[in-house]
Amino acid sequence: MRTGWTRMAGRLPGLVVRALALAWRASPRDTAATVAFNIASGIFTAVALVATAGVLEELFAEGPTPDRVRAALPALVLVAAATVLRGALSAAAGWAQSRLEPYVEQAAETRLMELATAVQVLAFDDNDFHDRMFRASVRGASETKRLVSHTIDILTGLVGICAAAGVLGVLHPVLLPLLLLTVLPEGWAAARAARMRYTWLLAITDSRRRKGMLDDLMTTRDTCAEMRSFTMRGPLLAEFAAIAGHERDVQLDLARRQTLVRLFGDGAGGAASALTYVVLGLLLVNGMMPLAVAGTAVLAIRTGRSELAAALHSVNSTYESGLYFHDYLDFCEHAEKWLPPPAPLPAPTTFDQVTVDDVTFTYPGKEEPALAGVSLRIRRGETIALVGENGSGKTTLSKLLAGLYRPDRGRVLWDGTDLAGVDTHALREHIAVIAQDHTHWPLSARRNVTMSSPDDDARLEEAARRSGADEVVSELGHGWDTLLDRRFAAGQELSGGQWQRLAAARGFYRDAPLLICDEPTAALDARAEHRLFASIHEHARRTGSAVVLITHRLASVRMADRVYVLDQGRVVEHGTHDQLMRDQGLYAELYSLQASAYRSVPATHEDGLRSA
Ligand SMILES: Nc1ncnc2c1ncn2[C@@H]1O[C@H](COP(=O)(O)OP(=O)(O)OP(=O)(O)O)[C@@H](O)[C@H]1O
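Residues numbered from 1 in each chain as written. Predicted model: local features only at pLDDT ≥ 70, side-chain atom pairs only at ≥ 80, totals over all residues.

The chain appears in an unreviewed UniProt entry as ATP-binding cassette domain-containing protein from Thermobifida halotolerans. Per UniProt, the comment on the chain under Subcellular location (unreviewed entry) is "Cell membrane". (UniProt positions renumbered as here; feature names shortened; annotations may be inferred.)

Q: How do you make sense of the overall build of the chain when you look at a structure like this?
A: For the chain, the helix and strand inventory stands at 17 helices and 10 strands. In terms of principal-axis extent, the alpha carbons of the chain reach across some 130 × 50 × 50 Å. For the chain, buried positions account for 36% of its 612 residues. Put simply, of all contacts in the chain between residues at least 6 apart along the chain, 77% involve residues at least 24 apart. (Helix = DSSP H or I, 4+ residues; strand = E, 2+ residues; numbered from the N terminus. Buried ≥ 20, exposed ≤ 12 C-beta atoms within 10 Å, placed from the backbone. Contact = placed C-beta atoms within 7 Å.)

Q: Would you explain the sheet that holds strand E5 (residues 417–418) in this entry?
A: As summarised here, the arrangement of the four strands in space is E2-E1-E4-E5, forming an open sheet in which the pairing is antiparallel. Each end of this open sheet is capped by a strand with a single partner; those strands are strand E2 (371–379) and E5. Note: strand E1 (residues 353–361) against strand E4 (residues 409–414), five bridges, orientation antiparallel. Across the sheet, residue Thr-360 finds its bridge partner in E4, namely Arg-409. (Pairing = 2+ DSSP bridges.)

Q: Before we go on, may I ask you to explain the site of the ligand in this structure?
A: Taken together, Asp-125, Tyr-363, Lys-366, Ala-370, Gly-388, Asn-390, Gly-391, Ser-392, Gly-393, Lys-394, Thr-395 and Thr-396 form the complete shell of residues around the ligand. With three residues, the single largest contributor to the shell around the ligand is helix H9 (residues 394–401). Considered class by class, the residues forming the shell around the ligand number two nonpolar, seven polar and three charged. (Near = placed C-beta within 6 Å. Nonpolar A, V, L, I, M, F, W, Y, C, P; charged D, E, K, R; others polar.)

Q: Sorry, what's going on with the domain arrangement of the chain here?
A: Interface extent is often summarised as the accessible area lost during association of the parts. Partitioning the chain into domains gives domain 1 (5–337) and domain 2 (353–433 + 513–611). Taken residue by residue, the interface counts five residues in domain 1 and five residues in domain 2. Of the residues assigned to the side of domain 1 that touches domain 2, the class counts are two nonpolar, one polar and two charged. (Domains from an automatic or database assignment.)

Q: It is not clear to me how the environment of Ala-225 should be interpreted in this structure. Could you clarify?
A: Counting through the fold element by element, Ala-225 comes out in helix H6 (residues 221–229). The exposure class of Ala-225 is exposed, given the 9 C-beta atoms found within 10 Å. Taking the C-alpha atoms as reference points, Ala-225 and Pro-28, 197 residues apart in sequence, are found 50 Å from one another.

Q: Got a minute to help me understand the nonpolar core in this structure?
A: If you look at soluble globular proteins, the nonpolar side chains tend to sit buried side by side. Core analysis: the biggest nonpolar cluster contains 73 residues, and Val-104, Val-148, Ala-164, Val-167, Leu-168, Leu-179 and Ala-297 have the highest contact counts within it. Of all elements in the fold, only helix H1 (5–26), helix H2 (28–59), helix H3 (65–118), helix H4 (127–171), helix H5 (175–219) and helix H8 (291–337) reach the threshold of two or more residues within this core. Tallying contributions element by element places H4 first for this core, with 17 residues. In contact with Leu-168, not counting residues within four places along its chain, are Leu-175, Leu-176, Leu-179, Ala-297 and Ala-300. (Core = buried A, V, L, I, M, F, W, Y, C linked by C-beta atoms within 7 Å.)

Q: Could you clarify how one ought to interpret the confidence of the model for the chain in this entry?
A: Do not read the predicted coordinates in detail wherever pLDDT is low. When the pLDDT values of the chain are averaged, the result is 87; 96% of them are 70 or greater. Taking the mean pLDDT of every element in the chain, the minimum, 68, falls on helix H17 (residues 586–611) and the maximum, 97, on E1. As a predicted assembly, this complex carries a pTM of 0.75 together with an ipTM value of 0.98. (pLDDT = per-residue confidence, 0-100.)

Q: How should I be thinking about the sheet that holds strand E7 (residues 514–518) in this particular structure?
A: Sheets are built from strands that pair by backbone hydrogen bonding, the pairs being arranged parallel or antiparallel. Read from one edge of the open sheet, six strands run E6-E7-E8-E3-E9-E10, paired in mixed fashion. The outermost strands of the open sheet, each flanked by one partner alone, are strand E6 (431–434) and strand E10 (570–575). Across the sheet, the axes of successive neighbouring strands diverge by a mean angle of 20°, strand direction being ignored. Here strand E3 (residues 383–388) runs beside strand E8 (residues 546–550); their pairing, made up of four bridges, is parallel. The residue of E8 that forms the bridge with Ile-384 is Val-548. Running over the sheet, H9 touches E3, E7, E8 and strand E9 (562–567) and is turned about 155° from E8. Along the sheet, helix H14 (residues 496–509) makes contact with E6 and E7, crossing E6 at roughly 170°. (Axes fitted to C-alpha atoms, helices over the stretch in contact; angles between N-to-C directions.)

Q: Quick question: what am I supposed to make of the UniProt feature "transmembrane region" (unreviewed entry) in the chain here?
A: Per the UniProt record, "transmembrane region" (unreviewed entry) is annotated on residues 35–56, 71–89 and 154–175. Between the first and last C-alpha atoms of residues 71–89 the distance is 29 Å; the span itself is 100% helix and 0% strand. Helix makes up 86% of residues 154–175 and strand makes up 0%, while its end C-alpha atoms are separated by 23 Å.

Q: Would you explain the packing of H2 against H4 in this entry?
A: Each pair of packed helices can be summarised by the angle the axes make with each other and by the distance between the axes. Relative orientation of the contacting elements H2 and H4 amounts to 25°, with a least axis distance of 9 Å. In terms of their interaxial angle, H2 and H4 are classed as roughly parallel. Crossing hand, H2 versus H4: right-handed. Where H2 abuts H4, its residues Thr-34, Val-35, Asn-38, Ile-39, Gly-42, Ile-43, Thr-45, Ala-46, Leu-49, Val-50 and Ala-53 lie against Ile-152, Leu-155, Thr-156, Val-159, Gly-160, Cys-162, Ala-163, Gly-166, Val-167 and Leu-171. When grouped by side-chain class, the residues that make up the contact of H2 with H4 number 14 nonpolar, seven polar and no charged. (Parallel < 35°, antiparallel > 145°, perpendicular 65-115°, else oblique. Left-handed = near helix turned anticlockwise from the far one by under 90°.)

Here's what the structure looks like:
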């Protein structure tokens, strides 16, 4: 982002308009009230100044003092009334403005969350999306309310300056240029200091982000154990100190340069004020301006200068908030491109057969496709297994089946309906997933299983029994109502295998015609693993659902109706276990390798007994 003078000045109106538009959308009533009260308050500032001229005129007139005071009384009453009204109106403006801020913050944060939860899952595989979301969520949304406040403060200052300038223009034509002369040096200095700070903020954005990331690594529970095990404390602290030190030095340099600029601005502003008073004095001495007018002019110039100082301070802050606001807008625009395309067809609720037809899929930023020309089918009541070495494309295929990714080419069909044209959000209500990287939801054990489905105790107990989660819950202090998050009082933590049992129960609980199980037993002990595989195979027959099972435990694949073997994103073999073993291909090789590992154990054990 460039920071030339013209570019900086050019950005300001755009920022002001966008901030006001945001405020209007968040609360039209409070926005209108804030602007209207501020303008009205500015009008009464002008009225008070003009009335002051009337008071001074009467007081400086010829005649006995009591008569002059009496003559000045109506104007004095007007000054008092205008001052009271102006005070009341600016209090009302302040009140409307402070009401507006929470509305703006809520609107900005809600929009951010709505977009983050609506974009396609694929967006989270795009580094650029992550980067923009991080920047928007760290300060972008919260800065919007400040931007709106600063914008309104600028408008308030401008109204005040206009009031003072209007009064001066009416009093004497030479006074308006004099006001300009006194405010220009300080205006210049403030704008220059703002530009310095803005350039500094831009320059340190990346290092600040890195510092935030280091902060996270050193202060979160997820990393605390591994950080200690691998003695990462020293390197992390050293990097943090280097960034913080650099930031401090740059900040000190900025403070020094800003002080010099301000000193110059204040000095020049003081000289300009002195010149103004000299000109006023000359006008008075030469009889070109009455004393009353000169007195009012001094008041108006002071009012104009203080309004300008406030407005410039707000311009300064507007640029800073605008920087973060830009991140926020940038994310919103970017995220909108990741929203799912419009889906004209309603989602099917069930099927007889799911067909994957010649599907190709490539992750963003990757050259090689993760899936290339993959086809398979699965009917209700069947279990199919996806098998293959690490990185062969099993999880990617399961995410396509789950409606989380869309194929670049080819189709995924529920009977005759191509899922590309349906509302995927509604479709996912009819798909259950036991995910490889399941989430440890910081919710109650019950909610960890039922998720968004309605509560049904009988179904909950059944799902828990089939997954082994019943044993986990029976040991929890508050049973199903135990909060599963140690960061909160009375919260409990589970082991990896216990969490996996809950994740499996989650899959069984959902009443869906398609169940996808991706490595559902990786963390389970032998007994629990055996029980879960039996439950998964039984699930298809018992409920008539179609089950897709991804696992490296090939012994459990034997019972599947068909096995699809993937290699580098392609289906290289498919058939029943017996057919694939007869074919002596990749599946037979992997299966035999695993089986031989088990066979060698009793041999070694016997060897051990013999030698003892
Ligand atoms: N989010 C992602 N972004 C980019 N590439 C990815 C992403 N996820 C997976 N890949 C790549 O896609 C390919 C297939 O990965 P996938 O996770 O589908 O394999 P898998 O068969 O499930 O592996 P595993 O057995 O290790 O779980 C791999 O080359 C992997 O590097």
